[in-house]
Amino acid sequence: MNRCLNLKTMAGLARRKQQVRCHHPDPFNPQTTKGWQAAVKEASIPTTRHDEEVKRGLEIGLPGASSIEDKTIPTFSRGELPHFAGINTFMKAPYVENIHDVGNFDATVIGVPFDGGCTYRAGTRFGPQGIRRISALYTPYNYEMGIDLREQMTLCDAGDVFTIPANIEKSFDQISNAVAHVAASGSFPIILGGDHSIGFPTVRGIASVTSKRIGIIHVDRHADIQEKDLDERMHTTPYFHATNLPNVRPENLVQIGIGGWQVPRAAVGNMVERRTNIFTMDDIEQLGIDKVAEMALERAWDGCD
């Protein structure tokens, strides 16, 4: 009996050794994992601008001390590294002090330190500083996406708009001037706020330098489409006034994530009257992020240039 049992056990073990487990993908097969595809793709991304940055850093920041073995390290920090040092621009992008030079870059970061539109919690005037500070931690290379911002586009930081803390409308005018200048130069403006009221002057700035129609995708929990709040154009009102602009139609406003206990009823009537496009968090859970993104782009682009 024991001999038969042992033979059966040995036969079973032999069969198991011959079995191939197929329920997990082969991690080294580019056809099965995005992780391996991303690793392989990295070699195709150039390092030209990185090399130029290192060379420039050594020229203007002095070669490193003789004890430094890595000869790409200068005496003074003049590039991406180390992340804790250097002038704190957005992602260590070049600072363009002369605003007339922004047209030499594909995109321009603009800080808007303004929280005069807040009705409850102030403090976002320090937002641009905070965003720049944390951005220093990141590299321009994204592994999964297989892109390197430094190599595949040009980015600069133009500093902050001079906002007027005690005057909402004057600050709006300053913001629109700044955004209009950058947009007119051909550089794409990237705005660091700031409270949500700055959405209106930002859109107004872009709309003022083009006759093309503009679509908006607004990701928020709040509707931000009242006409006024506390008798002013505040952080709850930007997209009411943005969609009053001649080339910004409310039909091209898409609002994602709206809901909860902080949507003022005063805003809901405007959403219905203007027939904006609204997705709640329930919509996102039921339809999925990819589908909502597809639908949002379709509606924001509809009839736009």
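Rules behind the numbers
Residues numbered from 1 in each chain as written. Predicted model: local features only at pLDDT ≥ 70, side-chain atom pairs only at ≥ 80, totals over all residues. Heavy atoms only, no water. Helix = DSSP H or I, 4+ residues; strand = E, 2+ residues; numbered from the N terminus. Rg over C-alpha atoms; globule rule 2.2 N^0.38 Å. Areas by Shrake-Rupley, 256 points an atom, 1.4 Å probe, with all protein chains shown as cover. Lys, Arg positive; Asp, Glu negative; His and termini not counted. Charge placed at Lys NZ, Arg CZ, Asp CG, Glu CD. Pairing = 2+ DSSP bridges. Axes fitted to C-alpha atoms, helices over the stretch in contact; angles between N-to-C directions. Salt bridge = Lys/Arg side-chain N within 4 Å of Asp/Glu carboxyl O. Buried < 20%, exposed > 50% of the residue type's maximum accessible area, 1.4 Å probe, protein only. Core = buried A, V, L, I, M, F, W, Y, C linked by side-chain atoms within 4.5 Å. Contact = heavy atoms within 4.5 Å. Polar contact = N/O pair within 3.5 Å; in protein donor to acceptor, adjacent residues only side chain to side chain. Patch = residues over 30% accessible without salt bridge, like charges linked within 9 Å, V, L, I, M, F, W, Y side chains within 5 Å.

Student: What am I meant to see in the overall build of the protein chain here?
Tutor: Scanning the protein chain from N- to C-terminus turns up eleven helices and eight strands. A globule of 305 residues ought to have a C-alpha radius of gyration of about 19 Å, yet the protein chain, at 27 Å, is considerably larger. Counting only C-alpha atoms, the protein chain reaches 95 × 65 × 35 Å along its principal axes. Approximately 19400 Å² of the protein chain is accessible, and the part contributed by carbon and sulfur atoms is 56%. On the protein chain, the mean spot of the 32 positive side-chain charges and the mean spot of the 37 negative ones are 9 Å from each other.

Student: Would you take a moment to explain the sheet that holds strand 1 (residues 107-112) for this structure?
Tutor: Note on sheets: strands pair through backbone hydrogen bonds, and any given pair is parallel or antiparallel. A sheet is described by the order of its strands in space; here three strands give the open sequence 4-1-5, paired in parallel fashion. Whereas interior strands pair on both sides, the edge strands pair on one side only; in this sheet they are strand 4 (155-160) and strand 5 (188-193). Here the strands of the sheet are splayed against their neighbours by 25° on average, with no regard to which way each runs.

Student: What am I meant to see in the pattern of salt bridges here?
Tutor: Oppositely charged side chains are able to pair whenever their charged atoms sit close together. As enumerated under the stated definition, the model contains nine salt bridges in all. One salt bridge in this structure joins Arg150 and Glu53, with 3.3 Å as the shortest N-O distance. Of the two residues, Arg150 is situated in helix 5 (residues 149-152) and Glu53 in helix 3 (residues 48-61); the sequence distance between them amounts to 97 residues. Classification of Arg150 as buried rests on a relative accessible area of 17%. We classify Glu53 as partly exposed; its relative accessible area is 26%. The partner of Arg299 in a salt bridge is Asp302, and the shortest N-O contact between them spans 3.2 Å. Accessibility expressed as a relative area gives 29% for Arg299, which makes it partly exposed. The exposure class of Asp302 is partly exposed, given its relative accessible area of 39%. The network of salt bridges with shared partners includes Glu53, Glu80 and Arg150.

Student: Just checking my understanding: could you explain the nonpolar core for this structure?
Tutor: Proteins that are soluble and globular tend to have nonpolar side chains buried together. Val112, Ile216, Ile225 and Val248 are the most contacted members of the largest nonpolar core, which has 32 residues in total. For this core, the secondary structure elements donating two or more residues are strand 1, strand 4, helix 6 (168-185), helix 7 (199-207), helix 8 (238-242) and helix 9 (265-274). Per-element accounting of this core gives the leading share, five residues, to helix 6. Setting aside chain neighbours within four positions, we find Ile216 in contact with Val203, Tyr239, Ala242, Val248, Asn252, Leu253, Val254 and Ala300. Residues Ile256, Ile284, Val292 and Ala300 belong to the second largest nonpolar core, which totals seven residues.

Student: Where do I start with the sheet that holds strand 8 (residues 277-279) in this structure?
Tutor: The three strands lie next to each other as 6-7-8, forming an open sheet whose pairing is parallel. The sheet is open, and its two edges are formed by strand 6 (216-219) and strand 8, each paired on a single side. The average undirected angle you get between the axes of adjacent strands in this sheet is 15°. As paired strands, strand 6 and strand 7 (residues 253-256) are joined by four bridges and run parallel to one another. Note on strand 7: the bridge partner recorded for Val219 is Ile256. On the sheet, helix 11 (residues 289-301) packs against strand 6, strand 7 and strand 8 and is oriented at approximately 160° with respect to strand 7.

Student: Would you explain the environment of Arg213 in this entry?
Tutor: You can see Arg213 is positioned in the loop between helix 7 and strand 6. Separated by 115 residues in the primary sequence, Arg213 and Asn98 have C-alpha atoms spaced 30 Å apart. The contacts of Arg213, once residues within four sequence positions are left out, are Asn247, Arg249, Gly303, Cys304 and Asp305.

Student: How should I be thinking about the side chain of Asp195 in this particular structure?
Tutor: One can find Asp195 in the loop between strand 5 and helix 7. Engagement of the side chain of Asp195 in a polar contact is seen with the backbone nitrogen of Gly117, the distance being 2.9 Å. Not counting residues within four places of it along the chain, the set of residues in contact with Asp195 comprises Phe114, Asp115, Gly116, Gly117, Cys118, Thr124 and His235.

Student: What's the story with the environment of Phe162 in this structure? I'm lost.
Tutor: Within the secondary structure layout, Phe162 lies in the loop between strand 4 and helix 6. Overall, Phe162 belongs to the exposed group, its relative accessible area being 63%. When the C-alpha positions of Phe162 and Arg221 are compared, they lie 29 Å apart, and in sequence the two are 59 residues distant.

Student: I tried to follow a nonpolar patch on the surface on my own but got confused; where do I start?
Tutor: There is a patch of nonpolar side chains on the surface, built from Ile217, Val219, Leu297 and Trp301 and spanning about 420 Å² of accessible area. Of all the secondary-structure elements, those providing two or more residues to the nonpolar patch are strand 6 and helix 11.

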